[in-house]
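Remarks on the overall topology
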Amino acid sequence: MLETITILTPLHYLYLVGVIVILGVMILRKDTPAVCLGFLFLLGIAGSGNVIGGIQTVFSAMLYAAKEFMEVIATIALVTALSGCLSDLGSDYLLMRPMGKIMKTPSVTWWILGLTMLIFSLFLWPSPSVALVGAIMLPFAVRTGLNPLFAAMAMNLFGHGIALSYDLVIQGAPAISAGAAGISASQILTEGRPVFLVMGAATVLSAFLLNRKYMYGERVTINQAAPGQTPNLPSDSNTPGSTRPALILAVATPLAFLADIAAMFAFHLRGGDATSLVSGTAVLLMCFGSILGFGKSSLERITGYLTDGFLFAIRIFAPVIAIGAFFFLGGEGISAIMGGAEVSQILGNASTGGIMNDWAVWLASHAPLNKYLIGGIQLAIGALTGLDGSGFSGLPLTGSLASTFGAAVGASVPVLASLGQIAAIFVGGGTIVPWGLIPVAAICNVNPLDLARKNLLPVFIGFLCAFITACFLL
């Protein structure tokens, strides 16, 4: 495996320079879409050999990114539409009022929100869980005084971080890593358990302690709307949720989502199938609530909610499409963007399926071998493969390298595979790369770049603690 590529082309070096520059701009807290578009143009020229090819690459990459994001865009739009209807009728107040007995302070709310997201994500995966938790719990969490940015942080680190990387219940990630490493998924889940637990605990504890002073946002009065919505309670409602339609929708919403969860278990719906079920339920609930609450004007209300939802989703996604376009070019998306035959000619037939994967294999083949350096290399390679925005795409590589490295120096293959899996999913699965943060950021109405910056230090602290733990187990 380590000999699959030994020659790096100018395209590889130019892409690496682009990654470094973009990360530097992010650290400086500046917007990166213009930089991404500039490097897309340069990479297109380098790949095609002419300016026209560079121009076409910019558009093709953005179109590819938009297609990849479309499922999430639609989910955010439809859940936002439901949120608007719940808010206008006052149903959200009825839904959240019981939570007030335990969600007293922003600090307590942060942990409740995160742990709820963890439980849902272990059984349903994070994408549908974001929609469920965001639609039902988030408005009340914000109203208790929790800053929306830190609400997003809790949902993101517990869901797309801990739950998705460990994947104890569904075992999608461990199965991929184990298959590539030639071991069983149960070996990764058992022998690698201390690494996963330390990673999760160190990340969320450091995130909480580093940001505890800043979690307190502005308390929102009960008549204000959920994030991203405009307050508009019905004229005949003096008290939030006092109308019959508000009560009916407040009861129907959790029942419908509980039915979704039951259907997911009964029919083994996961990933995109589960997300589509939740999203479809959200839009149908919105239609039901609009008809129930607004009668003759319901047709206009439904149109307005859908329009507001998609405008909100597109506004959030617009800059991220440009950023994602650059990083998709570094993964398997390069074949769709620049053409498979052309890519084979540029990168060589020995390419491992993307520029960043090629760099990861090159790094592995040129590093000195001992247990501790190998552990660090596994983390670095997992992080590199995660930069294309797909946490799972790098798992075959990290699993295969874990097997190779483990045999070379007598290290634990499951522990090495766990390190690569943690890094790939925490970076690419949705806690570091901004486009992976979009579902949570959009639901919470925060800037995904701001959320990525907030996650960066806690995740790196988690990586360090996980690496130290692995050194004792290798």
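For the structure, see preceding data.
So, here's what we can say about the structure. (Residues numbered from 1 in each chain as written. Predicted model: local features only at pLDDT ≥ 70, side-chain atom pairs only at ≥ 80, totals over all residues. Heavy atoms only, no water.)

1. Brief notes about the overall build of the protein
Helix and strand counts for the protein come out as 22 helices and zero strands. For the protein, with 474 residues in total, the buried portion stands at 56%. The contacts in the protein between residues at least 6 apart in sequence include a share of 77% that link residues at least 24 apart. Accessible area for the protein stands at about 18400 Å²; split by element, carbon and sulfur atoms hold 67% of it. (Helix = DSSP H or I, 4+ residues; strand = E, 2+ residues; numbered from the N terminus. Buried < 20%, exposed > 50% of the residue type's maximum accessible area, 1.4 Å probe, protein only. Contact = heavy atoms within 4.5 Å. Areas by Shrake-Rupley, 256 points an atom, 1.4 Å probe, with all protein chains shown as cover.)

2. Here we look at the packing of helix H9 (residues 172-181) against helix H20 (residues 413-431)
Axis angle and axis distance: for two packed helices, these are the angle between their axes and the distance between the axes, and together they describe the pair. Look at H9 against H20: their axes get within 10 Å of each other, and the N-to-C directions meet at 130°. By the angle between their directions, the pair H9 and H20 is classed as oblique. Crossing hand, H9 versus H20: right-handed. Seen from H9, the contacting residues are Ala 173, Pro 174, Ser 177 and Ala 181; seen from H20, they are Val 413, Gln 421 and Ile 425. Taken together, the residues that form the contact of H9 with H20 break down as five nonpolar, two polar and no charged. (Axes fitted to C-alpha atoms, helices over the stretch in contact; angles between N-to-C directions. Parallel < 35°, antiparallel > 145°, perpendicular 65-115°, else oblique. Left-handed = near helix turned anticlockwise from the far one by under 90°. Nonpolar A, V, L, I, M, F, W, Y, C, P; charged D, E, K, R; others polar.)

3. What to know about the pattern of salt bridges
Counting across every chain of the model gives two salt bridges. The salt bridge involving Asp 88 is made with Arg 301; its shortest N-O contact spans 3.3 Å. Here Asp 88, found in helix H3 (residues 51-89), pairs with Arg 301, found in helix H14 (residues 298-329); they are 213 residues apart in sequence, far enough to count as distant. The class of Asp 88 is buried, set by a relative accessible area of 5%. Residues Arg 453 and Asp 450 are paired through a salt bridge, measuring 2.8 Å at the closest nitrogen-oxygen approach. Here the residue Arg 453 and the residue Asp 450 both occupy positions in helix H22 (residues 448-473), the gap between them amounting to three residues, near one helical turn. (Salt bridge = Lys/Arg side-chain N within 4 Å of Asp/Glu carboxyl O.)

4. Digging into unusual backbone geometry
The phi angle at Asn 445 is positive, at roughly 60°, despite the residue not being glycine. Structurally, the position occupied by Asn 445 is in the loop between helix H21 (438-444) and H22. Of the residues examined, Asn 445 reaches a relative accessible area of 35% and is grouped as partly exposed.

5. Some remarks on helix H12 (residues 244-267)
In a regular helix each residue adds 1.5 Å, so 24 residues correspond to 34 Å; H12 covers 34 Å between its end C-alpha atoms and thus fits that length. Inspection of H12 places Pro 245, Ala 246, Leu 249, Ala 250, Thr 253, Ala 256, Phe 257, Asp 260, Ile 261, Ala 263 and Met 264 among the buried residues, and these make up the whole buried set. Of the residues one or two after H12, His 268 is the one with positive phi, at around 55°. (Expected span 1.5 Å × (residues − 1).)

6. Some points on a nonpolar patch on the surface
The grouping of Ile 119, Phe 123, Leu 168, Val 169 and Phe 265 at the surface amounts to a nonpolar patch, some 410 Å² of accessible area in total. Among the structural elements, Leu 168 can be located in the loop between helix H8 (148-166) and H9. The class of Leu 168 is partly exposed, set by a relative accessible area of 37%. (Patch = residues over 30% accessible without salt bridge, like charges linked within 9 Å, V, L, I, M, F, W, Y side chains within 5 Å.)

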